[in-house]
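Summary of structural features
Letter by letter, the chains look like this.
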Amino acid sequence: MPAANKARRKISRSVDPDKERIFKGLTSLFAAQGFSVRREELKRGPGWRASSGSCRKMDEKIVFVDKRSPVDDQIAFLAQEMMTLNISHDESSLAVLPEELR
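As a starting point, this report considers the structure included with it. Bear in mind the structure is a predicted one, so any value in this text is a computation, not a measurement.

**What about helix H2 (residues 17-32)?**
An ideal rise of 1.5 Å per residue puts 22 Å on 16 residues; H2 measures up with 22 Å between its terminal C-alpha atoms. Turning to H2, its buried residues number three or more, namely Glu20, Ile22, Phe23, Gly25, Leu26, Thr27, Leu29 and Phe30. Capping the start of H2 is the job of one residue whose side-chain oxygen sits 2.9 Å from the backbone nitrogen of aspartate 18: aspartate 16. Two residues or fewer past H2, glycine 34 is found with a positive phi of approximately 90 degrees.

**Quick word on the packing of H2 against helix H3 (residues 71-84)**
For the pair H2 and H3, interaxial distance at closest approach is 10 Å and the crossing angle is 25 degrees. What the angle tells us is that H2 and H3 run roughly parallel. By crossing handedness, the relation of H2 to H3 is classed as left-handed. Contact residues: H2 offers Lys19, Ile22, Phe23, Leu26, Thr27, Leu29 and Phe30, while H3 offers Val71, Asp72, Gln74, Ile75, Leu78, Ala79, Glu81 and Met82. The residue inventory of the contact of H2 with H3, partitioned by class, reads 10 nonpolar, two polar and three charged.

**Here we look at H3**
Three- or four-residue spacings in an α-helix give side chains the same orientation, since the helix completes a turn every 3.6 residues. For H3, which comprises 14 residues, the first-to-last C-alpha distance of 20 Å matches the rise-based estimate of 20 Å (1.5 Å per residue) to within 8%. Of all the residues in H3, the buried ones are Gln74, Ile75, Phe77, Leu78, Ala79, Glu81 and Met82. Asparagine 86 lies just past H3 and shows a positive phi near 55 degrees.

**A closer look at the pattern of salt bridges**
Any two side chains of opposite charge can pair, so long as their charged atoms come close to each other. The full count for this structure, using the stated rule, is five salt bridges. Salt-bridge contacts for aspartate 66 lead to arginine 68; the nearest nitrogen and oxygen are separated by 3.8 Å. Salt bridges here are not isolated pairs; linked through shared partners, they connect Glu20, Lys24 and Arg39.

**Observations regarding unusual backbone geometry**
Of note in this structure, asparagine 86 is not a glycine but carries a positive phi near 55 degrees. Among the structural elements, asparagine 86 can be located in the segment after H3. Given a relative accessible area of 67%, asparagine 86 falls into the exposed group.

**A few points about the side chain of glutamate 20**
Considering the arrangement of structural elements, one finds glutamate 20 in helix H2. Apart from the residues lying within four places of it in its own chain, the contact partners of glutamate 20 are Val15 and Arg39.

**What about the nonpolar core?**
Counting 14 residues, the largest nonpolar core has Leu26, Phe30, Val37, Val63, Val65 and Leu78 as the members making the most contacts within it. With five residues, the single largest contributor to this core is H2. Those residues in contact with leucine 78, other than ones at most four positions away along the chain, are Phe23, Leu26, Thr27, Phe30, Val37, Val63 and Val65.

Calculation notes
Residues numbered from 1 in each chain as written. Predicted model: local features only at pLDDT ≥ 70, side-chain atom pairs only at ≥ 80, totals over all residues. Heavy atoms only, no water. Helix = DSSP H or I, 4+ residues; strand = E, 2+ residues; numbered from the N terminus. Expected span 1.5 Å × (residues − 1). Buried < 20%, exposed > 50% of the residue type's maximum accessible area, 1.4 Å probe, protein only. Polar contact = N/O pair within 3.5 Å; in protein donor to acceptor, adjacent residues only side chain to side chain. Axes fitted to C-alpha atoms, helices over the stretch in contact; angles between N-to-C directions. Parallel < 35°, antiparallel > 145°, perpendicular 65-115°, else oblique. Left-handed = near helix turned anticlockwise from the far one by under 90°. Contact = heavy atoms within 4.5 Å. Nonpolar A, V, L, I, M, F, W, Y, C, P; charged D, E, K, R; others polar. Salt bridge = Lys/Arg side-chain N within 4 Å of Asp/Glu carboxyl O. Core = buried A, V, L, I, M, F, W, Y, C linked by side-chain atoms within 4.5 Å.

Put into structure tokens, the structure is as follows:
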């Protein structure tokens, strides 16, 4: 197998279904406000510092989440970004989230 292919092999991580449900719930709150949330491998290397964040592309509002970050960090980032972007929500939409994130 060529070295480039070996470098691209993904590290298998066990997915915690509860944490994934929380991430999807937060994603749906963003979607309700017109944002799309995308998990991507953000560029890293010399001179680059990967950082999740939000941006606008034309009329599209996008929140990028570094998929190489631990899911706990991804959830924390989305919760913080909700406050930063002033994403509104109602109590019924928060039912999918654990009490500490509500």
